[in-house]
Amino acid sequence: MAHSNSAYGSETGHDLFKGMAKKKKAKDSKKEVRPQVQVGEHGRYQIKSGLLAGQFVARAFPKTPSKARGLIAEATGATEEAAITALHEVIDARETRRAEERRTETRTGQAVPSVEEFVEAIGQVALSVPQRAMFTALSLAEAEGMSEARMAHAGGYKSHASAKRSFASAGQLIATYMTSGAPSSGAVQGADGLSYLGFQGDPEDGKDTGNWILHAELREAVRAVL
């Protein structure tokens, strides 16, 4: 019977499969063969499996070239194939649970990911330096948010339009990462980059547009990661 469990990726996590490969031929012509590791993918994760300490184990890790490290989930089984299948089920169940637990932002109707999901996504996607600067500034602005002019300044953009396009592009990267490989019931349909990150508040003091405000979950995630 397959046994499985999962753990969110930690910075202190280790790849216990490291070194499990065929050793190079020694100078004395003797060979030492180490257990082989099978590498595959499931959704957005890299899957490594093999015989470890007498049992078949399958583990999920962030895909390279992500800067994120650590174990995402693992499972064991009577055979390597059983362990891989069990791990796939763990990951799919995790994605479904996450999707079901998302809150709905009343202003936009957008399902908002949890802090845990945002932390993982930020560690995986390739945000530019200006995008990271805007995220950081917006997270520090809290619920007050920032005007488009201040956002553009924070990101080093000369125009509001350029800053907004970059901000939306970052949101689409995160949205694409979160929905890639997710079960159909958990995928977010039709989410644009901006609403995935936050919303625009009501205009004040005669201004044409309101401040951009990050979702509270994203603000917390940005402060934890960036």
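Going along each chain's sequence as written, the residues are numbered from 1 onward. For a predicted model such as this one, the threshold for reporting local features is a pLDDT of at least 70, and the threshold for listing and counting side-chain atom pairs is 80 or more; totals across whole chains, interfaces and linings nevertheless cover every residue. In computing side-chain values, all of the structure's heavy atoms are included and hydrogens and water are not.

Q: Quick question: what am I supposed to make of the environment of Ser 195 here?
A: Put simply, DSSP marks the helices as runs of H or I at least four residues long and the strands as runs of E at least two long, and each gets a number from the N terminus on. Turning to its location among the elements, Ser 195 is positioned in helix H6 (residues 193-197). Per-residue accessibility, obtained with a 1.4 Å probe over protein chains only, is compared with the maximum for each type, and a residue is labelled buried under 20%, exposed over 50%, and partly exposed between these values. By relative accessible area, which is 12% here, Ser 195 ends up buried. Separated by 23 residues in the primary sequence, Ser 195 and Gln 172 place their C-alpha atoms 9.5 Å from one another. Contact definition: two residues touch when any of their heavy atoms are within 4.5 Å. Aside from chain neighbours lying at most four places away, what touches Ser 195 is Gln 110 and His 215.

Q: Looking at this model, I keep getting lost on unusual backbone geometry. Mind explaining?
A: Glycine aside, residues mostly have negative phi angles, and peptide bonds mostly take the trans form. With a phi angle near 55°, Ala 53 is a residue other than glycine that sits in the positive phi range. Along the chain, Ala 53 turns up in the loop between strand E3 (45-52) and strand E4 (55-62). Given a relative accessible area of 81%, Ala 53 falls into the exposed group. With phi around 55°, Glu 142 is a residue other than glycine that occupies positive phi space.

Q: Looking at this structure, how should I read the pattern of salt bridges?
A: Between side chains of opposite charge, a pair can form when the charged atoms approach closely. A pair is scored as a salt bridge if a Lys or Arg side-chain nitrogen falls within 4 Å of a carboxyl oxygen belonging to Asp or Glu. Considering all chains together, one arrives at 15 salt bridges under this definition. For Arg 98, the salt bridge is made with Glu 116, and the minimal N-O distance between the two is 3.5 Å. Here Arg 98, found in helix H1 (residues 80-101), pairs with Glu 116, found in helix H2 (residues 115-124); they are 18 residues apart in sequence, far enough to count as distant. A relative accessible area of 4% means that Arg 98 is categorised as buried. Relative accessible area serves as the criterion here: at 30%, Glu 116 is assigned to the partly exposed category.

Q: Where do I start with the packing of aromatic side chains in this structure?
A: For any two aromatic rings, the description comes down to two numbers: the centre-to-centre distance and the angle of the planes. Pairing of aromatic rings covers Phe, Tyr and the six-membered ring of Trp, with a centre-to-centre limit of 6.5 Å; geometry is then stacked below 30 degrees between planes, edge-to-face above 60, and tilted otherwise. On inspection of all chains with the given rule, the structure shows two aromatic pairs. With a centroid separation of 5.9 Å and an interplanar angle of 50°, the aromatic rings of Phe 135 and Phe 167 are classed as tilted. Of this pair, Phe 135 sits in helix H3 (residues 129-140) while Phe 167 is found in helix H5 (residues 160-179), placing the two residues 32 residues apart along the sequence. This pair shows no difference in class: Phe 135 is buried, exactly as Phe 167 is. Both rings, one in Phe 167 and one in Trp 212, keep their centres 6.1 Å apart while their planes meet at 65°; by these two values the pair is edge-to-face. Separated by 45 residues along the polypeptide, Phe 167 in helix H5 and Trp 212 in strand E9 (residues 212-214) bring together distant segments of the chain. Each residue in the set Phe 135, Phe 167 and Trp 212 is aromatic and connected to the rest through ring pairs, giving one cluster. Put simply, a charge is over a ring when the Lys NZ or the Arg CZ is close to the ring centre, within 6 Å, and near the line of the ring normal, within 35 degrees. It is Arg 44 that lies over the ring of Tyr 177; its NZ or CZ is 4.9 Å from the centre.

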